[in-house]
Amino acid sequence: MIPARKTRTIRIGPLRVGGEAPIAVQSMAATRTQDIAATRGQVERLQAAGADLVRVAIDSPKDAEALKEIAEGIHVPLSVDLQENYRMAEAVAPFVAKLRYNPGHLHHHERTKSTEEKVAWIVDVARRHDCAIRIGVNAGSIAPEYKERYPGDNVGAIVACAVEHCALLDGMDFPDFVVSIKDSDPRLVIDANTRFAEARPDVPIHLGVTEAGMPPEGIIKTRIAFEQLLSRGIGDTLRVSLTVPFDDKGQEIEVGRQIIDDVSNGRFRSVPPNFFDGLNIIACPSCSRVENEKFIDLAEDVKRMTEDAKEHDITIAVMGCRVNGPGETDDADLGLWCGPKTVNLKKGEATVGAFGYDEILGQMRVELDRLIAERT
Ligand code: SF4
């Protein structure tokens, strides 16, 4: 049930992705990168669960130092997520097989340099260290120039961004790249990846529904997107993002393989037509940027506490850090993003305030009741 994919095959260290290569399943370490023992333990756990590739987040020179030690003796190829700090590429490239940059984060540093210059620099680092690249586009962090060019059309903006960054890498004669276009809404993920695959049928695609949240809803959202895309021959590697305790991260690999196996064998799960009605809680899967480990309990408490609001069409986003939290809560009706000591509460794009971990649930309940009263 998975048609032959038309993409070219690229090399990520020892791994082959795209074309006739098996669909690779990957995950990301959620531990603090500088906690070497914990991160190494998690990479080993993911490796034991059968991951083809494991990503680690890098934000600082200390993270890069830690990565050097983490990489020693690890057999699974590693990838790094450069996020806002694309200049860290040089320090980490010797230890990894792939560099991921987000076009939406390139504008944060060295504002006088053009996007082309920054991408050329990343490509040069990748070439010198024999790394592949992922152009990782995210609907929650659209590059400002694309927001301006596509007002009110997020899918148009992210697809154009992905296509134009592919053209940049083509122009630099760098073929070993994949593209991901992610969002927390599987419908957007299906639409954007289908449009991208039409525009660039040759480029291998990394599938993911970001911030899918906790099982079982997180698995259902991911399955909806992957079933629709894999059955159209779209998707060469994938990651399932789940908000689960650190020790259970291997579940992301198991679920990814199960979905591939089910789609291959025609085992589709029916999607109830009302799946998107009512309360929608999105939560990030957590990673090394989480500054307070109470985040996962908080996500579960939010779910428990809002049981009685299930029939209301309201989206609540719970994010683990200040890097992606502020932007990725903008589209939610209520957003919570976690800092070291406080949790920031938002209503749409407006900030309500920052509250202690022991106060936030009460404050969120006040805002939720207010929202329900306004809408009813
Ligand atoms: S929101 Fe922050 S903590 Fe959560 S996965 Fe994204 S970068 Fe990591």
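Residues numbered from 1 in each chain as written. Predicted model: local features only at pLDDT ≥ 70, side-chain atom pairs only at ≥ 80, totals over all residues.

**Q** Help me get a handle on the environment of R267, residues and values and all.
**A** Take R267: it is sitting in the loop between α9 (250-264) and β11 (280-283). Considering only alpha carbons, one finds R267 and E254, 13 residues apart in sequence, at a separation of 16 Å. (Helix = DSSP H or I, 4+ residues; strand = E, 2+ residues; numbered from the N terminus.)

**Q** Outline the packing of helix α7 (residues 186-199) against helix α8 (residues 217-230), listing residues and values.
**A** Running from amino to carboxyl end, α7 crosses α8 at an angle of 20°, the nearest separation of the two axes being 8 Å. In terms of axis orientation, α7 runs roughly parallel to α8. Relative to α8, the crossing made by α7 is right-handed. For the pair α7 and α8, contact is made by P186, V189, I190 and N193 and by K221, I224, A225, Q228 and L229, respectively. A breakdown of the residues in the contact of α7 with α8 according to their chemical character gives 6 nonpolar, 2 polar and 1 charged. (Axes fitted to C-alpha atoms, helices over the stretch in contact; angles between N-to-C directions. Parallel < 35°, antiparallel > 145°, perpendicular 65-115°, else oblique. Left-handed = near helix turned anticlockwise from the far one by under 90°. Contact = placed C-beta atoms within 7 Å. Nonpolar A, V, L, I, M, F, W, Y, C, P; charged D, E, K, R; others polar.)

**Q** Before we move on, can you summarise unusual backbone geometry with the specific residues and values?
**A** Keep in mind that most residues, glycine aside, have a negative phi and that most peptide bonds are trans. For the peptide bond that leads from P215 to P216, omega is 5°, which places it in the cis range. Structurally, the position occupied by P216 is in the loop between β9 (205-209) and α8. For E110, which is not glycine, the phi torsion reads 50° and is therefore positive. Inspection of the secondary structure puts E110 in the loop between β6 (98-101) and α4 (115-128). With 13 C-beta atoms counted inside 10 Å, the residue E110 sits in the partly exposed group. One non-glycine residue, D130, adopts positive backbone phi at about 60°. You can see D130 is positioned in the loop between α4 and β7 (132-138). The exposure class assigned to D130 is exposed, which follows from the 12 C-beta atoms found within 10 Å. (Buried ≥ 20, exposed ≤ 12 C-beta atoms within 10 Å, placed from the backbone.)

**Q** Please give an account of helix α6 (residues 154-171) that cites residues and values.
**A** A rise of 1.5 Å per residue sets the reference length of α6, with its 18 residues, at 26 Å; its end C-alpha atoms lie 26 Å apart and thus fit the reference within 8%. For α6, the full list of buried residues reads N154, A157, I158, V159, A160, C161, A162, H165 and L169. If you follow the buried residues of α6, they end up packed against α4, β7, α5 (144-149), β8 (177-182) and α7. Of the residues trailing α6, D173 is marked for its positive phi of about 60°. (Expected span 1.5 Å × (residues − 1).)

**Q** Kindly report on the sheet that holds strand β15 (residues 350-356), identifying the contributing residues and their values.
**A** Strand order across the open sheet formed by 5 strands is β11-β12-β13-β14-β15, with mixed pairing between neighbours. The open sheet has two edge strands with one neighbour each: β11 and β15. On average, adjacent strands in this sheet sit at an angle of 15° to one another, irrespective of strand direction. Sheet topology places strand β12 (residues 315-319) next to strand β13 (residues 334-338); 4 bridges connect them, and they run parallel. Counterpart to I316 in the pairing with β13 is L334. (Pairing = 2+ DSSP bridges.)

**Q** Give a description of the packing of α6 against α7 that names residues and reports values.
**A** As a packed pair, α6 and α7 sit with axes 10 Å apart at the nearest point and diverge in direction by 40°. Considering how the two elements wind past one another, α6 and α7 form a crossing that is right-handed. Across the interface between the two elements, V155, I158, V159, A162 and V163 from α6 touch L188, D191, A192, R195, F196 and A199 from α7. In the contact of α6 with α7, the residues fall into 9 nonpolar, no polar and 2 charged.

**Q** So what's going on with the pairing of strand β4 (residues 53-57)? Which residues, and what values?
**A** Among the 5 residues that make up β4, 5 are buried, leaving the element largely enclosed by the rest of the structure. Here β4 shows a buried face lined by L53, R55 and A57 and a second buried face lined by V54 and V56. Pairing of strand β3 (residues 24-28) with β4 involves 3 bridges; the strand directions are parallel. Note on β4: the bridge partner recorded for M28 is R55. Since β3 and β4 lie parallel, the crossover through helix α1 (residues 36-48) that links them has a hand, and here it is right-handed. Summarising the sheet, β4 and strand β5 (residues 78-81) pair through 4 bridges and their orientation is parallel. Looking across to β5, one finds that R55 is bridged to S79. (Right-handed = clockwise from strand over helix to strand, strands pointing away.)

**Q** Could you give an account of the domain arrangement of the chain, naming the residues involved and the relevant values?
**A** Considered domain by domain, the chain is made up of domain 1 (10-264) and domain 2 (280-375). With centres defined by C-alpha atoms, the gap from domain 1 to domain 2 works out at 25 Å. Facing the 21 residues of domain 1 at the interface are 17 residues of domain 2. A class-by-class count of the residues in the side of domain 1 that touches domain 2 yields 7 nonpolar, 10 polar and 4 charged. (Domains from an automatic or database assignment.)

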